[in-house]
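Residues per chain, in single letters:
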Amino acid sequence: MEYFCYHRDRPGSFGLRKALLQEHWSYMDEYAKEMIARGPTLADDGETPTGSMHIVDLPDPAAARAFAFDEPTYQAGAYRDVLLRRWRNLLGRTMWDFPGDLADGNRYLVLGLGEGRPADLTVPLDQAELIAYGPLLSDDGATWLGTAALVRAPDPDRARAVLTVDRYAAVEVHNWQPGGRR
């Protein structure tokens with residue numbers, strides 16, 4: 001089962017995150033085989049972390065909760081909240097399998113928080129710039145709750161356009177960079 005996990009930073013926690021970086025990476029290294037995508041979200045300056053995003057393949061909801069809440073930076077209080085949802089990998093690959101250059105161009109995490117009937121349940125026709133894409137789902141996988149995508153795009157507006165914007169209660173676009181030591 002695939003899970004989307006987004007830890008959002010607590011204001012003023014940069015020093016704590018920095019101090020725990022090695023512990024965070026060591027913890028995530030334990031999940032290297034299960035990792036589909038990972039990396040920090042960043043403020044508009046492109047350097048200051050605002051969160052930590054991971055997409056992992058785990059056996060069940062209990063394992064996903066342990067992954068999210070046993071993480072050392074979460075345990076130390078650096079994050080203000082956690083979005084943890086089942087996710088379906090519609091591209092069928094990891095970020096490391098992305099055919100483009102992950103280091104090239106601007107990259108974004110696009111989150112569409114669902115409202116009403118499900119939307120964007122199929123991969124957009126123009127998928128050349130999609131690094132990861134799939135629906136956010138309830139724990140049992142039966143209810144659509146939104147969509148999460150990692151996109152390479154020239155700017156946030158073009159990244160946002162990967163979703164049918166009027167079908168969501170809210171759409172968030174975050175600067176994102178590939179992370180980890182894989």
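Above this text sits the structure in question.
A. The arrangement of the overall build of the chain in detail. For the chain, the helix and strand inventory stands at five helices and eight strands. The order of helices and strands in the chain, counted from the N terminus, is β-α-α-β-β-α-α-β-β-β-β-α-β. Against the compact-globule benchmark of 16 Å for 182 residues, the chain has a radius of gyration of 15 Å, which places it among compact chains. Counting only C-alpha atoms, the chain reaches 40 × 35 × 30 Å along its principal axes. Partitioning the contacts of the chain with sequence separation of at least 6, the portion at a separation of at least 24 is 75%. Of the accessible surface of the chain, which amounts to about 8700 Å², a share of 49% is contributed by carbon and sulfur atoms. A distance of 1 Å separates the average location of the 20 positive side-chain charges in the chain from that of its 27 negative side-chain charges.

B. A look at the packing of aromatic side chains. By the definition in use, this model includes five aromatic pairs. Look at Tyr27 and Tyr31: their rings are 5.5 Å apart centre to centre, the planes differ by 55 degrees, and that puts the pair in the tilted class. For the pair Tyr27 and Tyr31, one class covers both residues: buried. Each ring, one from Tyr31 and one from Phe67, has its centre 4.8 Å from the other, and the planes form 85 degrees; the classification is edge-to-face. Taken as a pair, Tyr31 in the loop between α2 (21-29) and β2 (35-42) and Phe67 in helix α3 (residues 61-69) lie far apart in primary sequence, 36 residues in all. Summarising the burial analysis for this pair, Tyr31 and Phe67 share the class buried. A network of ring pairs unites the aromatic residues Tyr27, Tyr31 and Phe67 as a single cluster.

C. Main features of unusual backbone geometry. You will see that Asp120, though not glycine, has its phi angle at about 55 degrees, which is positive. Assignment of secondary structure puts Asp120 in the loop between β5 (107-114) and β6 (130-137).

D. Region of interest: the pairing of strand β4 (residues 79-87). Strand direction decides the pairing type here: strand β1 (residues 2-9) and β4, joined by eight bridges, are antiparallel. Opposite Glu2, over in β4, you have Trp87 as the bridge partner. Where β4 lies against β6, two bridges are found, and the strand directions are antiparallel. Counted as the bridge partner of Trp87 is Leu136 from β6.

E. The arrangement of α3 in detail. Within α3 the residues assigned to the buried category are Ala64, Phe67 and Ala68. Looking straight down α3, one finds its buried side chains confined to an arc of 95 degrees; they lie on one side. The inward-facing, buried residues of α3 contact β1, α2, β2, β3 (49-57), α4 (72-75) and β4. Its side-chain oxygen placed 3.1 Å from the backbone nitrogen of Ala62, Asp60 serves as the N-cap of α3.

F. Representation of the sheet that holds β5. Spatially, the eight strands close up into a barrel ordered β1-β3-β2-β8-β5-β7-β6-β4, and their pairing is antiparallel. Each adjacent strand pair in this sheet contributes to an overall mean axis angle of 30 degrees, direction not counted. Contacts from α2 reach β2, β3 and β4, with the element oriented near 160 degrees to β2.

G. Quick peek at the nonpolar core. With 19 residues, the main nonpolar core has Phe4, Met53, Ile55, Trp87, Leu109, Leu111 and Leu150 as its most contacted residues. Residue assignment for this core shows that the elements contributing at least two residues are β1, β2, β3, β4, β5, β6 and β7 (144-152). Here this core takes three residues from β6, the largest share from any one element. Discounting residues that sit within four places of it in the chain, Leu111 has contacts with Phe4, Tyr6, Arg8, Leu83, Leu136, Thr147, Ala148, Leu163, Ala170, Val171, Glu172 and His174. Grouped together as the second largest cluster of nonpolar side chains are 15 residues, Tyr133, Ala153, Val162 and Leu163 included.

H. Structural view of α2. Listed in full, the buried residues belonging to α2 are His24, Tyr27 and Met28. Projection of α2 onto a plane perpendicular to its axis shows the buried side chains occupying an angular sector of 95 degrees, all on one side. Close packing links the buried residues of α2 with β2, β3, α3, α4 and β4.

Reading guide: rules and limits
- Residues numbered from 1 in each chain as written.
- Predicted model: local features only at pLDDT ≥ 70, side-chain atom pairs only at ≥ 80, totals over all residues.
- Heavy atoms only, no water.
- Helix = DSSP H or I, 4+ residues; strand = E, 2+ residues; numbered from the N terminus.
- Rg over C-alpha atoms; globule rule 2.2 N^0.38 Å.
- Contact = heavy atoms within 4.5 Å.
- Areas by Shrake-Rupley, 256 points an atom, 1.4 Å probe, with all protein chains shown as cover.
- Lys, Arg positive; Asp, Glu negative; His and termini not counted.
- Charge placed at Lys NZ, Arg CZ, Asp CG, Glu CD.
- Phe/Tyr/Trp six-rings, centres within 6.5 Å; stacked < 30°, edge-to-face > 60°.
- Buried < 20%, exposed > 50% of the residue type's maximum accessible area, 1.4 Å probe, protein only.
- Pairing = 2+ DSSP bridges.
- Arc of directions from axis to C-beta.
- Polar contact = N/O pair within 3.5 Å; in protein donor to acceptor, adjacent residues only side chain to side chain.
- Axes fitted to C-alpha atoms, helices over the stretch in contact; angles between N-to-C directions.
- Core = buried A, V, L, I, M, F, W, Y, C linked by side-chain atoms within 4.5 Å.

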